[in-house]
Amino acid sequence: MNSRQAEAVVIGASAGALEALSVILPALPVGFSLPVIVVVHVPPNKRSMLTELFQAKCQVPVREVEDKEPISAGTVFFAPPDYHLLIEVDKSLALSSDEAVLFSRPSIDVLFESAADTYGSALIGIILTGANQDGARGLKAIVEAGGLALVQSPAGAFASTMPEAAIAACPSAQVMSLDALAACLKKFGG
Amino acid sequence: MKETVAIEKIEDIEIRLLLEALYSRYHYDFRNYAMASIKRRLKQGRDQLGFASFSALQESLLHDAAMLPRILGYLTVQVSEMFRDPTYFRAIREKVVPHLRTYPSLKVWVAGCSGGEELYSLVILFREEGLEERTLFYATDINQDALRSAEAGVFAIDRVPLFTENHRNSGGKSSLSDYYHAAYGKVSFDKTLRRNVVFSDHSLVTDAVFAEMQLISCRNVLIYFDRSFQDRALGLFKDSLSRSGFLGLGAKESLRFSQHAGAFKDFIREEKIYQRRGA
Ligand SMILES: C[S@@+](CC[C@H](N)C(=O)[O-])C[C@H]1O[C@@H](n2cnc3c(N)ncnc32)[C@H](O)[C@@H]1O
């Protein structure tokens, strides 16, 4: 993929997500051109603080998704607790209450598979730290649709299971540090 | 030569045709549901029912009516909870009920009632607030199996701790255990709770207004629709509500993107409770 082609970024993270995202998201510059759609595993019965937290830290707008919200460029979108987040063909954000997938709702696989379907090769998928296997299948779908797969290097991750599973499912994925991931995103949408 | 126009994927063509077949043959209209999630669930259905393709599934659906409930089981999502989002029910109790008290008789519609969790939550709340006797509840859904379970009022016992905690957090004035008895790993809710309930098969996308309501609660149903079906359903709610009637939606649903937004005003914004504007 060359930088002209990227239209969206999807990110999945679990245990250790806060620290990892705190390296990547605040580094996105004002005027960043791509939407960044993020699933973090959060407990179902609580309000998530992620949005407010990153609103305070980021230079770009940060929102928690509402159903059928249009995807706007240069915005970070977080999946709300207890809903799956999917991307519709018309590039709007859709929520669902379907059963948890791999014990997770929101599920990274569900977001990534629907995003791969909608954006095809114009998608960048990123798997960060986490203690389960969610995201591996989704990242594979992104690769199969011709998109770009990036994974946080397991050695530097708070929990290595998720990046390891992603790499095993997608041997072609590029593995890098958080700082390198941030730099890479800036290259595509800065 | 490189293709420049997007070509519809074969699978997407098949799904479109399958939904068309479902509509023509059985009059269930899923054509304008939110496709990303329909597609996921149809894939599950295709794989679990052992069909090689959506086309094969379609053939079977067209010729064998016994396939219908099975497919509907995949197309409709039956995830629910009693007093789901306790703050919503607290808001109904503390902010909406005082208005409802001023009516001598009430009609409440639980649209897309699934297995009845939301319905029983509201009936119990109305009983606690002394409004049950004057209220007629309508519980509707398109899924017959769900309607049957709602009418039976039986739930797995392992779900009860969550229901109980939610009920307490919603400001419940009684103990949830007052309303059910437990046996064989299940709990049955008291049949007196169904005294004033009408259960009925009704689709928000193909059926019409049937009564004038003071409160409509329709949570986590509209998320399954695309915007055109959402507008269809919201138009139905608009036409079903009495002047100043209330509409409650799911926590992440919004009227913001609808053509009917102007017919409602925010009543409790954080809880997605709206009030019909006077005509
Ligand atoms: C996720 S459940 C929501 C249950 C409950 N309202 C809650 O929030 O916990 C969605 C329900 O909507 C029903 N449904 C789907 N399409 C419908 C339609 N066109 N008309 C009425 N109900 C529909 C499904 O059968 C299912 O029972």
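Refer to the structure above for everything that follows.
Notes on the structure follow. Because the structure is predicted, anything quoted here is derived from the model rather than measured. (Residues numbered from 1 in each chain as written. Chains lettered and ligands numbered in written order. Predicted model: local features only at pLDDT ≥ 70, side-chain atom pairs only at ≥ 80, totals over all residues. Heavy atoms only, no water.)

Looking now at the overall build of chain A. Within chain A one finds six helices and ten strands. A principal-axis box enclosing the C-alpha atoms of chain A has dimensions of 35 × 35 × 30 Å. Each of the 190 residues in chain A was classed as buried or not, and the buried ones make up 61%. Within chain A, residue pairs in contact and separated by at least 24 positions form 71% of the contacts whose partners lie at least 6 positions apart. Carbon and sulfur atoms make up 54% of the accessible area of chain A, which totals about 7,000 Å². Computed over 12 positive and 19 negative side-chain charges, the separation of the two mean positions in chain A equals 6 Å. (Helix = DSSP H or I, 4+ residues; strand = E, 2+ residues; numbered from the N terminus. Buried < 20%, exposed > 50% of the residue type's maximum accessible area, 1.4 Å probe, protein only. Contact = heavy atoms within 4.5 Å. Areas by Shrake-Rupley, 256 points an atom, 1.4 Å probe, with all protein chains shown as cover. Lys, Arg positive; Asp, Glu negative; His and termini not counted. Charge placed at Lys NZ, Arg CZ, Asp CG, Glu CD.)

Our next topic: the pattern of salt bridges. All names here are of chain B. Following the criterion strictly, the structure yields 30 salt bridges over all chains and no others. K43 is paired through a salt bridge with E11; the nearest N and O atoms lie 3.8 Å apart. Highlighted residues: K43 in helix α2 (residues 35-48) and E11 in helix α1 (residues 10-26), separated in sequence by 32 residues. Its salt-bridge partner being D145, residue R148 comes within 2.7 Å of it at the nearest N-O pair. Of this pair, R148 and D145 both sit in helix α7 (residues 144-152), separated by three residues, roughly a single helical turn. For R148, a relative accessible area of 52% gives the class exposed. Accessibility expressed as a relative area gives 42% for D145, which makes it partly exposed. (Salt bridge = Lys/Arg side-chain N within 4 Å of Asp/Glu carboxyl O.)

Residue and element names in this part refer to chain B. Ranked by size, the top nonpolar core spans 78 residues in total, and within it F30, L204 and F225 carry the most contacts. In this view, F30 contacts L19, L22, M35, I38, L72, L75, T76 and I142; residues no more than four positions away in its chain are not counted. Grouped together as the second largest cluster of nonpolar side chains are 40 residues, M82, Y88, V123 and F189 included. (Core = buried A, V, L, I, M, F, W, Y, C linked by side-chain atoms within 4.5 Å.)

With that settled, consider helix α8 (residues 160-169) of chain B. Given 3.6 residues to a turn, an α-helix orients residues that are three or four positions apart in the same direction. All names here are of chain B. Regarding α8, the residues found buried are V160, F163, N166 and H167. For α8, the buried positions fall inside an angular range of 125° around the axis, keeping them on one side. Exposed positions of α8 whose direction lies more than 90 degrees from the buried face are P161 and R168. As for α8, its buried residues are in contact with α5 (86-100), α6 (117-128), β3 (154-156), β4 (180-183) and β5 (186-189). (Arc of directions from axis to C-beta.)

Turning our eyes to something else, we now look at the site of the ligand. Residues and elements named next belong to chain B. Near the ligand lie 22 residues; those nearest to it are Y33, Q78, S80, E118 and D141. Here Y33 contributes a side-chain N or O atom positioned 2.7 Å from a nitrogen atom of the ligand. D141 is positioned such that a nitrogen or oxygen atom in its side chain is 2.6 Å from an oxygen atom of the ligand. With respect to the pocket detection grid, the ligand is positioned in the largest cavity. (Near = heavy atom within 4 Å. Polar contact = N/O pair within 3.5 Å; in protein donor to acceptor, adjacent residues only side chain to side chain. 1 Å grid on protein atoms, 1.4 Å probe; cavity = no way out; pocket = protein on both sides within 12 Å on 5 of 7 lines; lining within 4 Å. Sits in = over half its atoms within 2 Å of the grid points.)

Accessible area lost when the parts come together is the quantity often used to give the size of an interface. Contact residues are listed per partner, giving 27 residues for chain B and 25 residues for chain A. Looking at the side of chain B facing chain A, the largest losses of area belong to R40(B), I223(B) and K252(B), adding up to 30% of the total buried there. Remark: the boundary between chain B and chain A carries seven salt bridges. Of the charged contacts, one joins R41(B) and D98(A) as a salt bridge, the two residues approaching to 2.8 Å between their closest N and O atoms. Ranked by residue count, the leading element in the side of chain B that touches chain A is α2(B), at six residues. (Buried area = accessible area lost by both parts, 1.4 Å probe.)

This brings us to the state of the cysteines. One pass over the structure, following the stated rule, counts zero disulfides over all chains. Of all cysteine sulfurs in the structure, the one in C184(A) sits closest to C170(A), which takes part in no disulfide; the separation is 16 Å. C113(B) forms no disulfide, and the closest cysteine sulfur to it belongs to C218(B), at a distance of 10 Å. (Disulfide = S-S within 2.5 Å.)

All names here are of chain B. With 15 residues, α5 should cover 21 Å at 1.5 Å per step; its first-to-last C-alpha distance of 20 Å lies within 8% of that length. The largest bend in α5 comes to about 35°, at R93. All buried positions along α5 are accounted for by P86, Y88, F89, A91, I92, R93, V96, V97 and L100. (Expected span 1.5 Å × (residues − 1). Bend = angle between axes of the 7 residues up to and from the residue.)

Time to look at the packing of aromatic side chains. Within this structure, the stated rule accounts for 17 aromatic pairs over all chains. Taken together, a centroid distance of 5.7 Å and an interplanar angle of 35° make the contact between F54(A) and F78(A) tilted. With a gap of 24 residues between them, F54(A) in helix α2 (residues 50-57) and F78(A) in strand β5 (residues 76-78) connect regions that are remote in the sequence. Residue class for F54(A) comes out buried when judged on its relative accessible area of 0%. A network of ring pairs unites the aromatic residues Y120(B), F155(B), F163(B), Y180(B) and F189(B) as a single cluster. Over the aromatic face of Y23(B) sits the side chain of R31(B), whose NZ or CZ is 3.8 Å from the ring centroid. The positively charged end of R219(B) is found above the aromatic ring belonging to Y88(B), 3.8 Å away from the centroid. (Phe/Tyr/Trp six-rings, centres within 6.5 Å; stacked < 30°, edge-to-face > 60°. Lys NZ or Arg CZ within 6 Å of the ring centre and 35° of its normal.)

With that out of the way, let us pick up the environment of K265(B). Residues and elements named next belong to chain B. Inspection of the secondary structure puts K265 in strand β9 (residues 264-268). Placed ten residues apart in sequence, K265 and L255 show a C-alpha to C-alpha distance of 9.5 Å. Ignoring any residue separated from it by four or fewer positions in sequence, one finds K265 in contact with Y274, Q275 and R277.

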